[in-house]
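Residues per chain are reported as follows:
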Amino acid sequence: MKALATAVCICATLVSAAAGQAQQRAPLKVFISIDMEGLAGVVTAPDVSSTGPDYAHFRTIMAGEANAAIDGAFRAGATDVIVRDSHGSKQNLLPGDLDPRARLLRGVSAGPKNMMEGIDSTFDAVVFIGYHAKAGTPNAILEHTSTGNVVDFSINGVSLPEGGYNALVAGLVDVPVVFVAGDQAVVDQLRGLLGPIDGVAVKQEIGDASLGLSPKEAQDQIRRGVETAVRNRARAKPYVMKGPFTMILRVKQERPLHPGAQRTGAGQFTFTSPDLLQILNAFNAMK
Ligand SMILES: [Zn+2]
């Protein structure tokens, strides 16, 4: 009985120590948006299409890069990590493959946030994994902007890749993008827009082919890179643009006009709003 009493006593001490530690640890929330075109090894559309012969393989690479980023975030002190599956159907990451410390936002969502669904002002840092450059970017792998139909999308004269307008969505709630992984072109492109954020180029385009790191090496670099970026998050600034906002969308195939938008030429549309999310609604309707 005495032994049992001692055991209970130690146990209670451990519990209260753990509770004390939890209280001392400040919340640090990291939001990871993960696409597929910029994953290690991906070079053509079938690699990231559910009907492609190697899709299952690239799904496991997607999980590997997600888990490397999650681990890097927790090593930097994260207390909560959300992963937004951001590619196509948003059902590429298999839930059982994900590091159990993170939560997964899976499936297409209604509303304008799309690849940034789930972001809010409680987050401290955003990480982009598997990202790709905008439509028309030279020396880029699988470059496009949201759909194959978009020629260019700009807001207030700034031509934006997905990482650009997604950074603006994070900027609306004052959260900075601190890290990007993808091909060399997207890393360069986002640094040009957002400033000198941390990043890992897992591959580069060479004459429509891809020269890249092994998935294992890419994941090691992402783990280290995300850890450093989250630790140094105070260096990154939220990406913000002053309203009102005017978008110019150029497309190959015209879609029906979104209410309030104007057609300004063949395949060219404009829309103005003080609300950035309304701009993204118009973009999503006509892209
Ligand atoms: Zn994608």
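As the structure is a computational prediction, the values presented were derived from the model and not from experiment. (Residues numbered from 1 in each chain as written. Predicted model: local features only at pLDDT ≥ 70, side-chain atom pairs only at ≥ 80, totals over all residues. Heavy atoms only, no water.)

> Looking at this model, I keep getting lost on the overall build of the chain. Mind explaining?
Each helix and strand in the chain was counted, giving 6 helices and 12 strands. The principal-axis extents of the C-alpha atoms in the chain amount to approximately 85 × 40 × 35 Å. A buried classification covers 49% of the 287 residues belonging to the chain. Within the chain, contacts between residues separated by at least 24 positions form 67% of all contacts whose residues are at least 6 apart in sequence. (Helix = DSSP H or I, 4+ residues; strand = E, 2+ residues; numbered from the N terminus. Buried < 20%, exposed > 50% of the residue type's maximum accessible area, 1.4 Å probe, protein only. Contact = heavy atoms within 4.5 Å.)

> Got a minute to help me understand the side chain of Glu162 in this structure?
Summarising the element assignment, Glu162 is placed in helix α3 (residues 162–172). The buried charged residue Glu162 lacks any salt bridge partner; its closest oppositely charged side chain belongs to Lys287, at an N-O distance of 7.7 Å. At 3.1 Å, the side chain of Glu162 forms a polar contact with the side chain of His132. Aside from chain neighbours lying at most four places away, what touches Glu162 is Asp35, Met115, Tyr131, His132, His144, Thr145 and Ser146. (Lys, Arg positive; Asp, Glu negative; His and termini not counted. Salt bridge = Lys/Arg side-chain N within 4 Å of Asp/Glu carboxyl O. Polar contact = N/O pair within 3.5 Å; in protein donor to acceptor, adjacent residues only side chain to side chain.)

> Can you walk me through the nonpolar core in this structure?
Soluble, globular proteins show a tendency: their nonpolar side chains are buried together. Counting 44 residues, the largest nonpolar core has Val126, Phe153, Ile155 and Met247 as its most contacted members. Mapped by element, the contributors of at least two residues to this core are β4 (125–131), β5 (150–155), α3, β7 (177–183), α4 (184–194), β10 (245–251), β12 (268–273) and α6 (276–286). Considering every element that reaches this core, the biggest residue donor is α6, with 6 residues. Not counting residues up to four positions away in its chain, the partners in contact with Phe153 are Thr145, Val158, Ser159, Leu160, Tyr165, Met247, Ile248, Leu249, Ile279, Leu280 and Phe283. Within the second largest apolar cluster, 41 residues are counted, among which are Leu39, Val202, Ala229 and Ala236. (Core = buried A, V, L, I, M, F, W, Y, C linked by side-chain atoms within 4.5 Å.)

> Where do I start with the packing of aromatic side chains in this structure?
In the structure shown here, the tally under the stated rule is 5 aromatic pairs. Here Phe153 and Tyr165 contribute two aromatic rings whose centre-to-centre distance is 5.5 Å and whose plane-to-plane angle is 80 degrees, an arrangement assigned as edge-to-face. Placement of Phe153 in strand β5 and of Tyr165 in helix α3 is noted, with a sequence separation of 12 residues between them. The buried category is assigned to Phe153, whose relative accessible area is 1%. Residue classification places Tyr165 among the buried positions, given a relative accessible area of 6%. Consider the rings of Tyr165 and Phe283, whose centres lie 5.2 Å apart with planes at 65 degrees: the pair is edge-to-face. Linking Tyr165 in helix α3 with Phe283 in helix α6, this pair joins segments that are 118 residues apart in sequence. Through pairs of rings, three or more aromatic residues link up here, namely Phe153, Tyr165 and Phe283. (Phe/Tyr/Trp six-rings, centres within 6.5 Å; stacked < 30°, edge-to-face > 60°.)

> Is there a simple way to think about the coordination of the zinc ion in this case?
Tetrahedral metal sites with four donors have an ideal angle of 109.5 degrees; octahedral sites with six donors have ideal angles of 90 or 180 degrees. For the zinc ion, the full set of protein donor atoms is Asp35 (OD), Glu37 (OE), Glu37 (OE) and His87 (ND1), and the range of their distances to it is 2.0 to 2.7 Å. Of note is the zinc ion, whose 4 donor atoms meet at the metal with angles of 53 to 137 degrees in an arrangement that counts as irregular. We note that the donor set of the zinc ion lies within a single chain, spaced as D-x1-E-x49-H. Of this pair, Asp35 sits in the loop between β1 (29–34) and α2 (55–75) while His87 sits in the loop between β2 (80–85) and β3 (102–105), placing them 52 residues apart in sequence. With respect to class, Asp35 is no different from His87; both count as buried. (Donors = N, O, S within 2.8 Å, 3.2 Å for Na, K, Ca; no water. Tetrahedral: all angles 85-135°; square planar, octahedral: opposite > 155°, others 65-115°.)

> Teacher, can you tell me more about the pattern of salt bridges here?
If charged atoms from side chains of opposite charge come close, those side chains can pair. This model, assessed by the stated rule, comprises 11 salt bridges. The partner of Lys29 in a salt bridge is Asp80, with the nearest N and O atoms 4.0 Å apart. Taken together, the residues span a long stretch of sequence, with Lys29 in strand β1 and Asp80 in strand β2 at a distance of 51 residues. By relative accessible area, Lys29 is classed as buried at 17%.

> When you look at empty space enclosed by the protein in this model, what are you seeing that I'm missing?
With a probe scaled to a water molecule rolled over the atoms, the places where space remains empty come into view. Evaluation of the coordinates by the stated rule reveals 2 cavities of 30 Å³ or more. Lining of the largest cavity is provided by Pro112, Lys113, Asn114, Met115, Tyr165, Asn166, Val169, Leu280, Phe283 and Asn284. Secondary structure elements with two or more residues in the lining of the largest cavity: α3 and α6. Put simply, the second largest cavity is a space of about 30 Å³. What lines the second largest cavity is simply Ala167, Val175, Pro176, Val177, Leu194, Ile197, Lys237, Pro238 and Tyr239. Of the residues contributing to the lining of the second largest cavity, the split by class is 8 nonpolar, no polar and 1 charged. (1 Å grid on protein atoms, 1.4 Å probe; cavity = no way out; pocket = protein on both sides within 12 Å on 5 of 7 lines; lining within 4 Å. Points joined across faces, edges and corners; volume = space filled by probe spheres on them. Nonpolar A, V, L, I, M, F, W, Y, C, P; charged D, E, K, R; others polar.)

> How should the sheet that holds strand β8 (residues 198–206) be read in this particular structure?
Note on sheets: strands pair through backbone hydrogen bonds, and any given pair is parallel or antiparallel. Taken in spatial order, the 7 strands line up as β3-β2-β1-β4-β7-β8-β9 in an open sheet, and their pairing is mixed. The two strands at the open ends of the sheet, each matched to only one other strand, are β3 and β9 (209–212). The average angle at which neighbouring strand axes cross in this sheet is 20 degrees, direction not considered. Of the strand pairs in this sheet, β1 and β4 are connected by 5 bridges, and their pairing is parallel. The residue of β4 that forms the bridge with Phe31 is Val126. Sitting on the sheet, α2 is in contact with β1, β2, β3 and β4, with an inclination near 155 degrees to β2. (Pairing = 2+ DSSP bridges. Axes fitted to C-alpha atoms, helices over the stretch in contact; angles between N-to-C directions.)

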